[in-house]
Amino acid sequence: PYNHILKIRKQNFSPFISTYFQKPLLLQQGYMQWLFDYEGRRYLDLFSGIVTVGVGHCHPKVTAAAQKQLGRLWHTSPAFIHPAIHEYAEKLTALLPEPLKVIFFTNSGSEANDMAMLMARSFSQNVDIISFRGAYHGCSPYTLGLTSVGAIKPRIASGSSCQTTMCPDVFRGPWGGSQCRDSLVQTIRKCNCTPGCCKAKDQYIEEFKNTLHTVVAKEIAGFFAEPIQGVNGVVQYPKGFLKEAFQMVRERGGVCIADEVQTGFGRLGTHFWGFQSHGILPDIVTMAKGIANGFPMSAVVTTPEIADAFTKHLNHFNTFAGNPLAGVIGSAVLDAIKEDGLQENSQETGSYMLLKLAKLRDEFEIVGDVRGKGLMMGIEMVQDQDSRQPLSLKEVNLIHEDCKDMGLIVGRGGLFNQTFRIAPPMCITKQEADFAVEVFHAALSRHME
Ligand code: PMP
């Protein structure tokens, strides 16, 4: 069916949606961390449908739960009460600290962040919202104002009053601070946290303070941050940065929003939520992608106080939100994460893989940075490690394609689309991590020949 499908694509799809490879992959099936194409070839999936299939493709228990519910009841609308979504709400909010206990269901990451913006504005009675340059918070008219990668001229299209501030990117930012990331990255870089790199954090904080003073009106509505930036190429901030930034935002009347669309549900290993690894407590948490392993669902969790202000000002309604099928699938996903020990595996296999990948940096001058946490990693490609100039797209594409031809599906991201992103289903084993590193090694070696 390959040529026929490509013909339909050409006629009826927007060319904007890239298919990654010169010869696009036509997939037929998936099982756990594996994908299979129409010609019967098998690929280790290092990208999970953009950091979404957390517990594995067609996970047997999630599939069985969905199939059972499909024969009973799909949809009722939020005006009716069904146990599935209530039991799920109780189970999910139990995983969040007090006072984050009130949940709203939506259908995508963009919708969840749209809602969080409405909440921030209705609670604070202010307008301005801030996000980092390089952030990705969605593609709806509202969230486009917060997004500055992955979409074209988002701020013009959005027309909404959002402001961006410098991302404290420890690799690309002007003051570095790479040692400050976390202990594993310190090990990789063979360095300790020095006064110099802590100073970098202070400089980023000073810059953040400047934005608050100069760009934003006196008081602000909210501040959005991904605990680790995903689309921007797995960008990490200096340790302690978010904690100080949250404090400054709150001093000016704003609420703090953690966008856990990529970092939640155990992916970062040490904690269930990304914000926990920064030692911070957000006022609003948004989640999507891994929440339902690929089924369209998302959620916003907030405090009773913010929820009250929001519902007082807006009669919010969403037809599909929290349907019984979504509740059953979400619940089965939480069970799978627990029963299969997936958060623990993210920590263990993620650390194992990061250390192995980091060795590529010692061997290949075009590997600029290897970073990440748990099973969310990035390899940033450069012309050479001194200049840090991005490797040309043509070269990155060739390496990417070569990995695919050897059975490895890798993600892409970053400002120049030059960062390989690694976020496999969390059931990946160490043996498979070894295979992935060998494939990267072979592709890089071949490229340098
Ligand atoms: N937030 C983050 C951190 C994301 O990575 C994304 C999607 N890449 C979104 C929000 C938007 O999610 P969706 O595509 O489901 O609207």
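Note that the structure is predicted; figures quoted are calculated from it, not measured.

Details of the overall build of the chain
In terms of regular secondary structure, the chain is built from 15 helices and 15 strands. For 449 residues, the compact-globule estimate of 2.2 N^0.38 gives 22 Å, and the C-alpha radius of gyration of the chain, at 21 Å, lies within 12% of that figure. In terms of overall dimensions, the chain has C-alpha extents of about 65 × 60 × 45 Å along its principal axes. Taking all 449 residues of the chain together, the buried fraction comes to 51%. Long-range pairs, those at least 24 residues apart, make up 74% of the contacts in the chain between residues at least 6 apart in sequence.

Focus on the site of the ligand
In the vicinity of the ligand lie 16 residues, with Ser108, Gly109, Ser110, Gly138 and Val261 positioned nearest. In terms of residue count, the dominant contributor to the shell around the ligand is helix H5 (residues 109-124) (three residues). For the shell around the ligand, the class distribution of residues is six nonpolar, eight polar and two charged.

A few points about unusual backbone geometry
Here the bond from Glu98 into Pro99 is cis, since omega is -5°, no more than 30 degrees from zero. Mapped onto the elements of the fold, Pro99 is located in the loop between helix H4 (83-93) and strand S4 (102-106). If you check the backbone angles, Cys58 has positive phi at about 50° while not being a glycine. Tracing the backbone through its elements, the reader meets Cys58 in the loop between helix H2 (48-51) and helix H3 (60-70). Residue Cys58 is classed as partly exposed on the basis of its 14 C-beta neighbours within 10 Å.

Concerning the sheet that holds strand S12 (residues 376-381)
Strand order in this open sheet of four strands is S11-S12-S15-S14, and the pairing throughout is antiparallel. Each edge of the sheet is formed by a strand with only one pairing partner; in this case those strands are strand S11 (367-373) and strand S14 (411-413). Averaged over all pairs of adjacent strands, the angle between strand axes in this sheet comes to 25°, irrespective of strand direction. The sheet strands contacting helix H13 (residues 342-363) are S11 and S12, and the helix crosses S11 at an angle near 170°.

Description of the packing of H4 against helix H12 (residues 324-339)
Two elements in contact, H4 and H12, have axes separated by 8 Å at closest approach and are oriented at 35°. For the pair H4 and H12, the sense of crossing is left-handed. Mapping the contact onto sequence places Ala84, Ile85, Glu87, Tyr88, Lys91 and Leu92 in H4 and Pro324, Ala326, Gly327, Val328, Gly330, Ser331 and Leu334 in H12. Residues that form the contact of H4 with H12 fall into these classes: eight nonpolar, three polar and two charged.

Thoughts on the domain arrangement of the chain
When cut into domains, the chain gives domain 1 (1-41), domain 2 (66-339) and domain 3 (341-444). Each of domain 1 and domain 3 was reduced to a C-alpha centroid, and the two centroids are 23 Å apart. The interface of domain 1 with domain 3 comprises five residues on the first partner and eight residues on the second.

Regarding the sheet that holds strand S1 (residues 27-31)
Read from one edge of the open sheet, four strands run S1-S2-S3-S13, paired in mixed fashion. The sheet is open, and its two edges are formed by S1 and strand S13 (408-409), each paired on a single side. When strand S3 (residues 42-45) meets S13, the two strands line up parallel, connected through two bridges. When the sheet's bridge partners are listed, Asp45 is paired in S13 with Ile409.

Focus: the environment of Pro174
Structurally, the position occupied by Pro174 is in the loop between strand S6 (162-165) and helix H8 (183-188). Using a count of 12 C-beta atoms within 10 Å as the deciding quantity, one classes Pro174 as exposed.

Overview of the nonpolar core
Core analysis: the biggest nonpolar cluster contains 122 residues, and Ala120 and Val333 have the highest contact counts within it. No other element matches the nine residues that H12 contributes to this core. Composition of this core by domain shows at least three residues from each of domain 2 (66-339) and domain 3 (341-444). In contact with Ala120, not counting residues within four places along its chain, are Ile129, Ala221, Gly222, Val255, Ile257 and Ile284.

Let's talk about the pairing of strand S7 (residues 222-225)
Burial along S7 is two-sided: Gly222 and Phe224 and Phe223 and Ala225, pointing in opposite directions, are all buried. Pairing analysis gives two bridges linking strand S5 (residues 129-132) to S7, with the strands arranged parallel. Of the residues in S7, the one forming a bridge with Ile130 is Phe223. The pairing of S7 with strand S8 (residues 255-259) spans four bridges and is classified as parallel. Counted as the bridge partner of Phe224 is Ile257 from S8.

Considerations on the packing of H3 against H12
Where H3 meets H12, the axes come as close as 9 Å, and the angle between the chain directions of the two elements is 160°. The angle between H3 and H12 falls in the class roughly antiparallel. Regarding H3 and H12, the two cross each other, and that crossing is right-handed. Facing Lys61, Val62, Ala65, Ala66, Gln69 and Leu70 of H3, the residues of H12 in contact are Pro324, Leu325, Val328, Ile329, Ala332, Val333, Asp335 and Ala336.

Each value, and the rule that gives it
- Along each chain, residues carry numbers from 1 onward, in the same order as the chain's sequence is written.
- It should be noted that, the model being predicted, local features are given only for residues of pLDDT at least 70 and side-chain atom pairs only at 80 or more, the latter also being counted only at that level, while totals for whole chains, interfaces and linings use all residues.
- Numbering goes from the N terminus for both helices and strands, where a helix is a DSSP run of H or I of at least four residues and a strand is a run of E of at least two.
- For the radius of gyration, the atoms used are the C-alpha atoms, and the globule rule reads 2.2 Å times the number of residues raised to 0.38.
- Buried means a residue has 20 or more other C-beta atoms within 10 Å of its own C-beta, exposed means 12 or fewer, and partly exposed covers the counts in between; C-beta atoms are placed from the backbone.
- A pair of residues counts as a contact when their C-beta atoms, built from backbone coordinates, are separated by no more than 7 Å.
- Each residue receives a C-beta atom built from its backbone; the residue is near a molecule or strand if that atom lies within 6 Å of it.
- Put simply, Ala, Val, Leu, Ile, Met, Phe, Trp, Tyr, Cys and Pro go in the nonpolar bin, Asp, Glu, Lys and Arg in the charged bin, and everything else, Gly too, in the polar bin.
- We treat two strands as partners when DSSP finds at least two bridges between them.
- Note on method: axes are straight lines fitted to C-alpha atoms, helices fitted across the in-contact stretch only, with angles between N-to-C directions ranging 0 to 180 degrees.
- By convention the crossing between two helices is left-handed if the near helix lies anticlockwise of the far one by an angle smaller than a right angle, and right-handed if it lies clockwise.
- Domain delimitation in this document rests on an assignment produced automatically or drawn from a domain database.
- Nonpolar core, as used here: buried Ala, Val, Leu, Ile, Met, Phe, Trp, Tyr and Cys residues forming one set through C-beta atoms within 7 Å.
- Our angle categories are set so that under 35 degrees counts as roughly parallel, over 145 as roughly antiparallel, 65 to 115 as roughly perpendicular, and the remainder as oblique.

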